[in-house]
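Here is how the chains run, residue by residue.
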Amino acid sequence: MSNERTPLVTSGVCGLAVTAAACGVELDSAASESGPGTPSKDPRHLNTFFGVMVPTILSMFSIVLFLRTGFVVGHAGLLQGLLMVVVAYTIISLTILSICAISTNGAIQGGGAYYMISRSLGPEFGGSIGLMFFLAKVFACGEYVLGLVEAILDVFGSDPESSVSEGVRVLPQGYWYTVLYSSAVLLLCLLVCLVGAHIYSRTAFIILLVVTVSLLSIFISSVAVKPLDFVIAHKGAGNQTLRYNASYTGFNATTLRNNLGSGYSLDYSTNSVMSFATVFAVLFTSCTGIMAGANMSGELKSPSVSIPKGTIVAVFYTFTVYVLLFILVSATCDRTLLIQDYGFLQRINIWPPFVTVGIFCAALSAAMCAMIGASRILHALALDHLFGLPLAPATITSSSGNPWVAVVYTWGLAQCVVFAGQLNAVAGLVTVFYLLAYAAVDLACLALEWASAPNFRPTFQLFSWHTCLLGILSCLVMMFVINPVYSSGSIVLLLLLLLFLHYRSPTSSWGYISQALIFHQVRKYLLMLDVRKDHVKFWRPQMLLMVANPRSSCQLILFVNQLKKGGLYVLGHVQLGDLDSLPSDPVQQQYNFWLSLVDKLDVKAFVDLTLSLSVRQGTQHLLRITGLGGMKPNTLILGFYDSCTPEDFFLQDPAFCDSSIEQESEGEYNFGVDLPSLQAHFPPVRHVESPRWLSPEEYVGIISDAIKMNKNVCLARYFFQLEGEGKDSKVDGSERTIDVWPLNLLQPDSRDYEDVCSLFLLQMACVLNMSNKWRHARMRIFLNVETESSDQGWVVNEETFRELLRKLRIRASIKIVPWDSVVQHHVQPNGEPPAEPTRALSEEFLSAVNCMLMEHSSQAAVRFLYLPRPTAQRSQSQQYLAQVEAVTNSLGPTLLIHGVTPVTSTDL
């Protein structure tokens, strides 16, 4: 059975189906294997310290700790630098609260942030944010490699003032040399990552020890090293050499005072003037490692315990180190040294190799951690098949569970990033991507909290919707403060990815937070929808269409979808049976088939099924209980009761043909209903000699019941002849005609065009004329008059009716139809009209009415006729049906309507 671990298999990019077989691998819910039949080892073997704390600390130290601390303090000053640290850590702390809440609310699989977001917000949002987070990790990997190469060149790069290599400074410098060295470092990272996360996590602890020793040497050097003076040289414009005098003063109050304020100036690596936003962008790259542990969720023994505990401890530790280091350098180094030499910590150390080794280890481990984290996210995306064929190979893993193909993908993209050539050049983009991903995590937690789902009860309780909302706002604000162009572009890219996945991905079984939020809001608004406040001005049709077999009713279902005008539309069905004699309710098992039918037909309808001993009793049940609050059906629509042989619409529509099965994605999650099972569920159409479930008396009784319950009634006949109602139809209605006959043709003496039923008839025709496929149709209203009568009141009635149409804003042409020759068949031999409209109507009269309709409305697309009220006598039911059938014989699509509620208004 499908669950949250079930991979999504879509039609993929450009409609290409993607399956596990295409990759030559087998997938299960825990891990994928390198080949069928190969036993998979359990990849979960990391604890909190090695799996979360160590990679998080190393990622947050990265290159900023050793190579950009002076850059930040030198340009921003101590006060603004500390403010930046506080703001950055406040943002990530709010996000950490959300991460802890989500990660302690259930089992976390591989993919880290992507897994948490996709299983909370659904595949569209999760997939788009997951890809953005993957790109952020790729850019971060490239940034860390560039920082490492910068540190290498600081030590081993040739002197810009000399063309001859001296000592260890043997490496030539320049843009293409930087790219070459970066490529070599990336290749080293690739080789390590191909070995697996397990090896990296163990060596990471050694790297952390080395970095810790380097940090201790920096703090010791601040009191052990005496003041020093330096001359710093940089290449300027036109190959000229720029020299700066800088000094290390040791702890000095004057130095501290001079470094308190900001002093934004030119950055020698990018030749651009720095600002608060650009410096903060570089600093924030040190805060992008908070999900390093979460991204290792697939390798953690207990991710729900390890992720919150390890991440919080790591963040607190790194925050303390950064604050102390900022205070240290601002009190011991002048601003020139901080701004003009990013590697100044090596100059002022008791033994420079301490810092050199620390820089190399921190930058290299951060790059490998980013590469591993990115590959895990890509692997999780590939397993869910959200992006189809391009990511299909990334599902392949080694026998130990290492997604080596995803690692190669990541390496290739990171190789493209190093062409930027400078660390500061990509820092802004990395920060924006990370901030967007953090905002998405906060959004996921906020949505879960606002949905108030009973199953959202994380063991971590130190969060609220206020912290989530504040986290979202702070991330978005800082994105635009850092770089409005990058921020706008990343949001546009996110929206494009979201739309792509919305239209390309299938329904998942993960659970949608949108459904929980919609339920929460709908319940609230349904309570506000007070039936006592209903007004005729805002009336709209709310339909209950009774369907015996969808195979013969699809055209009618599609037509009523056009007729509903934004109102409630319910497909009702009565299953005959007695629950007392059944082991379980058979109706519950049918809902998915009917809902799949609704999806296939692309109609906006609900489904309501019931079990009853008779169709009439079941229809009464549905009329009473269907809907909720102010959204309940006010109009009952029935198919016509006649002897016509129904047609099987499933055999005509390509969507229901067997050939379309091949177009469906294999394994697509369809709630257990595929096309063959859908076809098999609904029985073949009724044959002429097949027994009916419904007797004429019961059918007429349903009409009477609905009228007694103050429901409008519509009988639909010949709608299997209606064409152009499908979702792929290009019909715009310009060639169609809607004919309305508002007079009760079976009771000519009434002559009332303005009773409730006639006005309801006009309203329904007008509603149809406003729908998409009927908007350009011409509407004609036929007025039956007796021109040979001595009473010429029909002329006045015509003018009155035209005035009524003007007041009701109904655009239609009026056709005058003399029917003296028809009415004469209505009079009995004694010269008196029949006492009851449903009795003593001669066949000649009914035939004449039918001929009149055929003469004037034979070319209409649909006809609206007045449906007289059924007789109260059960014995007259068959006669009532025979009269209605005779009048509408061979007409084409016809809707007979009996309205009981006022629906028109001439007031504002």
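Residues numbered from 1 in each chain as written. Predicted model: local features only at pLDDT ≥ 70, side-chain atom pairs only at ≥ 80, totals over all residues. Heavy atoms only, no water.

If you tally the helices and strands in the protein, you get 28 helices and 14 strands. When each of the 908 residues of the protein is scored for burial, the buried share is 55%. Pairs at least 24 residues apart make up 82% of the contacts formed inside the protein by residues separated by at least 6 positions. Accessible area for the protein stands at about 38,500 Å²; split by element, carbon and sulfur atoms hold 59% of it. (Helix = DSSP H or I, 4+ residues; strand = E, 2+ residues; numbered from the N terminus. Buried < 20%, exposed > 50% of the residue type's maximum accessible area, 1.4 Å probe, protein only. Contact = heavy atoms within 4.5 Å. Areas by Shrake-Rupley, 256 points an atom, 1.4 Å probe, with all protein chains shown as cover.)

Let's shift gears to the sheet that holds strand S9 (residues 712–717). Pairing is mixed in the open sheet, where 10 strands are placed in the order S7-S6-S5-S8-S9-S14-S13-S10-S11-S12. Looking at which strands have only one partner, the edges of the open sheet turn out to be strand S7 (606–612) and strand S12 (813–818). Averaged over neighbouring strand pairs, the angle between their axes works out to 25 degrees when direction is ignored. Across five bridges, S9 lies against strand S14 (residues 894–898) in antiparallel orientation. Its bridge partner being in S14, Ala716 is matched across the sheet by Leu895. Running over the sheet, helix H20 (residues 591–601) touches strand S6 (569–576) and S7 and is turned about 145 degrees from S7. (Pairing = 2+ DSSP bridges. Axes fitted to C-alpha atoms, helices over the stretch in contact; angles between N-to-C directions.)

Take the confidence of the model for the protein next. This prediction gives the protein a mean pLDDT of 82; 85% of its residues lie at or above 70. Below pLDDT 50 for its whole length, residues 659–668 participates in 15 contacts with residues either more than four positions away or in separate chains. (pLDDT = per-residue confidence, 0-100.)

Counting buried positions over the six residues of S9 gives six, a clear majority of the element. Residues of S9 alternate between two faces, with Asn712, Cys714 and Ala716 on one and Val713, Leu715 and Arg717 on the opposite face, all of them buried.

Viewed as axis vectors pointing N to C, helix H15 (residues 423–451) and helix H18 (residues 513–528) meet at an angle of 40 degrees, and their least axial separation amounts to 9 Å. One element, H15, and the other, H18, form an angle in the oblique class. Like other packed secondary-structure pairs, H15 and H18 cross with a definite hand, here left-handed. For the pair H15 and H18, the contacting residues are Ala447, Leu448, Trp450 and Ala451 in the first and Ile513, Ala516, Leu517 and His520 in the second. Residue composition of the contact of H15 with H18, by class: seven nonpolar, one polar and no charged. (Parallel < 35°, antiparallel > 145°, perpendicular 65-115°, else oblique. Left-handed = near helix turned anticlockwise from the far one by under 90°. Nonpolar A, V, L, I, M, F, W, Y, C, P; charged D, E, K, R; others polar.)

Compared with an ideal rise of 1.5 Å per residue, which puts 13 residues at 18 Å, helix H23 (residues 696–708) spans 18 Å between its outermost C-alpha atoms and is within 8% of the ideal. Of all 13 residues making up H23, 12 are buried, and the element is well covered by its neighbours. Of the residues making up H23, those classed as buried are Pro696, Glu697, Glu698, Tyr699, Val700, Gly701, Ile702, Ile703, Ser704, Asp705, Ala706 and Ile707. Buried positions along H23 lie against helix H21 (615–625), strand S8 (635–639), S9, helix H28 (877–887) and S14. (Expected span 1.5 Å × (residues − 1).)

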